[in-house]
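# Structure assessment
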Amino acid sequence: MKLSLQKEKVDQAISYLNEGFADAWLIYASESSDPCLPLVPGVATVGPGIFLFTADQGSYAICSSIDAQDIEESGVFNQVIKHPGSLEESLQELMNELALKKVALNYSVEEPLADGLTTGRYRWLIKVFEKLDPLELVSSEPFLTKLRSIKSATELQNIQQAVDDTIDIYDAVFAKLKPGLTEKQAGDLFVAEMLKRDLVNGIDRTPSRPIVMKNNIAHRPPSDSVIEPGDLVIFDFSTVFNGYVSDIARTVYFLKEGETEAPQRIRDTFETIYEAISKCKEAMNPGKQGVEIDAIARNLYIERSYPEISHATGHQIGQDVHDGGVLLGPAWKRYGSSPYGELEAGMVFTIEPTIFMEDGIHFIVEENVVITDNGAEWLSRRQDQLISIPWRRGS
């Protein structure tokens, strides 16, 4: 599976280089220092090493002999060069042989997942390249962001499995939820289900509790706060499969004694969120900008006198829960240029237009979708109705 995936991503990278972005893409890292390594090439070096992918002259790795075996066995490279102690000389020889004119490096101002080249290593490369024919160096940000964003067939299979596992665990946990549990105890139900399935949390890659919140809304771990009848509780949960994650949130109402459904205000809020997600999904066609999709949910809430969404309406997922690239977000300075990116087939997004109100009503409903040539398709089994946990005597 891993070799198949890496072959897909290498072929994808080379195809993007052949679109004229650059003659080659160079990764310089050690001790897994660059966040792109799990994506391409899927191997790492202990000591300093070079991974070079060219548009039309193959792919190369330069490494010490201690790192060579894993790299050779990956099958990713046409040639693995074991430097005798001088990485500089081996790199200069290879660059002279290939006669490259334009090379992309992993530095970026706005995209942290494309900013894996440290300042010291960048300066080292500049000194090495000074001894070569003139060479144009460019940021790999647009290239690497696209490579990360556009999922291959195997990547999509992995994400779908992570999504399916997450929904399966939600179903199992919701069958056991009851008032009287603390947030931590509710989180422990997820841990137990992960352990049954030999799965881990997609956030920290351990069988840890997800986000469970009845109040004090923030990205925080569960607390000792006790869940009471009449509470709305947010669950935000992710699992990982073969290095790829889901990101799905549900908000649950705990019925009071005598209630058969949640109060009208809560039901109306859920229906508004449901409509916002529907409208966003329907509009998510290739070529649309992220800011356009965000505005659909944002404007609907304002029209209905709900508070404006306090963050982006959605983000990409892949190897990370926040996978960079195009953001379904507003034109706020803190988001930089990411909301202006265009949706493309193969991108996977969350849709999560949250509502937080001063009267204690708070909702996160988060779904996962993939963009296709014909629009967005659900990856998650959609939440079609408000989840209510019945009151139980003795809870």
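The structure we're discussing is the one just above.
The structure reproduced in this document is the subject of the present report.

Cut-off values and rules
For every chain, the first residue of the written sequence is number 1, and numbering continues from 1 onward in sequence order. Given that the model is predicted, a residue must reach a pLDDT of at least 70 before its local features are reported, and side-chain atom pairs must reach 80 or more before they are shown or counted; all residues, however, enter totals for whole chains, interfaces and linings. Computation of side-chain values: all heavy atoms of the structure, hydrogens and water removed. Criterion used throughout: strands pair if DSSP finds at least two bridges between them. Every helix listed is a DSSP run of H or I at least four residues long, and every strand listed is a run of E at least two residues long, numbered separately from the N terminus. Here an angle of 0 to 180 degrees is reported between the N-to-C directions of two axes, which are lines fitted to C-alpha atoms, with helices fitted over the stretch in contact. By definition in these notes, contact holds between two residues if any of their heavy atoms fall within 4.5 Å. Expected span, for any helix, means 1.5 Å times one less than how many residues it has. The buried label applies to any residue whose accessible area, calculated with a 1.4 Å probe on protein chains only, is under 20% of its type's maximum; exposed applies above 50%, and partly exposed to all values in between. The arc in question is traced by the directions running from the helix axis to the C-beta atoms. Among buried residues, the Ala, Val, Leu, Ile, Met, Phe, Trp, Tyr and Cys ones that are joined through side-chain atoms within 4.5 Å form a nonpolar core. Polar contacts, as used here, are pairs of N or O atoms within 3.5 Å; protein pairs need one atom able to donate a hydrogen and one able to accept it. Residues neighboring in sequence count only if both atoms are side-chain atoms.

## A word on the sheet that holds strand β1 (residues 24-29)
- Taken in spatial order, the 6 strands line up as β4-β3-β2-β1-β5-β6 in an open sheet, and their pairing is mixed. Looking at which strands have only one partner, the edges of the open sheet turn out to be β4 (79-82) and β6 (136-139). Across this sheet, the average inter-strand angle for adjacent strands is 25 degrees, counted without regard to direction.
- Of the pairings in the sheet, the one linking strand β2 (residues 49-54) to strand β3 (residues 59-63) comprises 4 bridges and is antiparallel in character. Within β3, the residue paired with F53 across the bridge is S59.
- The strands touched by helix α3 (residues 87-98) are β1, β2, β3, β4 and β5 (102-105); relative to β2, the strand with the most contacts, the crossing angle is about 10 degrees.

## Some thoughts on the environment of D268
- Mapped onto the fold, D268 is located in helix α8 (residues 264-283).
- Spatially, the C-alpha atoms of D268 and M213 are 21 Å apart, while their sequence positions differ by 55 residues.

## Digging into helix α7 (residues 183-197)
- For α7, with 15 residues, the first-to-last C-alpha span of 22 Å sits near the 21 Å given by 1.5 Å per residue.
- Of all the residues in α7, the buried ones are E183, A186, G187, F190, V191, E193 and M194. Burial along α7 is one-sided: seen end-on, the buried residues are contained in an arc of 165 degrees. Exposed and facing more than 90 degrees away from the buried side of α7 are L195 and K196.
- Tucked inside the fold, the buried residues of α7 contact α6 (153-174), β7 (211-213) and β8 (232-237).
- D198 occupies a position one or two residues after α7 and carries a positive phi of about 55 degrees.

## Considerations on the nonpolar core
- Within the largest apolar cluster, 96 residues are counted, with the highest numbers of intra-cluster contacts made by W25, F53, F235 and M284.
- Apart from the residues lying within four places of it in its own chain, the contact partners of F235 are Y170, F174, L177, A186, F190, I211, V212, I248, A249, R250 and V252.
- Counting residues in each nonpolar core, the second largest holds 21 residues, with I62, M95, L100 and L125 among its members.

## Quick notes on the pairing of β8
- With 6 of 6 residues buried, β8 lies mostly within the body of the structure.
- The alternating pattern of β8 places L232, I234 and D236 and V233, F235 and F237 on opposite faces, both of which are buried.
- Direction of pairing for β7 relative to β8: antiparallel, over a ladder of 3 bridges. Paired with V212 across the strands is F235, a residue of β8.
- As judged from the 6 bridges shared by β8 and strand β11 (residues 248-254), these two strands associate in the antiparallel manner. Each bridged residue has a counterpart across the sheet, and for I234 the counterpart in β11 is T251.

## Quick look at the side chain of R298
- Here R298 shows up in helix α9 (residues 290-303).
- Of the residues examined, R298 reaches a relative accessible area of 6% and is grouped as buried.
- Side-chain polar atoms of R298 contact the backbone oxygen of H311, separated by 2.8 Å.
- Beyond its immediate sequence surroundings of up to four residues, R298 is in contact with E308, I309, H311, A312, T313, P330 and W332.

## Quick notes on the sheet that holds β7
- Overall, mixed pairing links the 4 strands, which are arranged β7-β8-β11-β17 in an open sheet. If you trace the sheet from one side to the other, it starts and ends with β7 and β17 (387-389), each paired once. Across the sheet, the mean angle from the axis of one strand to that of its neighbour is 25 degrees, orientation sign disregarded.
- Here 3 bridges tie β11 to β17, and the two strands are oriented parallel to one another. Across the sheet, V252 pairs through a bridge with I387, a residue of β17.

## A few points about unusual backbone geometry
- Backbone torsion omega between V40 and P41 reads 15 degrees, so that peptide bond is classified as cis.
- Summarising the element assignment, P41 is placed in the loop between β1 and β2.
- With phi around 55 degrees, A99 is a residue other than glycine that occupies positive phi space.
- Within the element layout of this structure, A99 appears in the loop between α3 and β5.
- The residue S305 is not glycine, and still its phi comes out positive at about 65 degrees.

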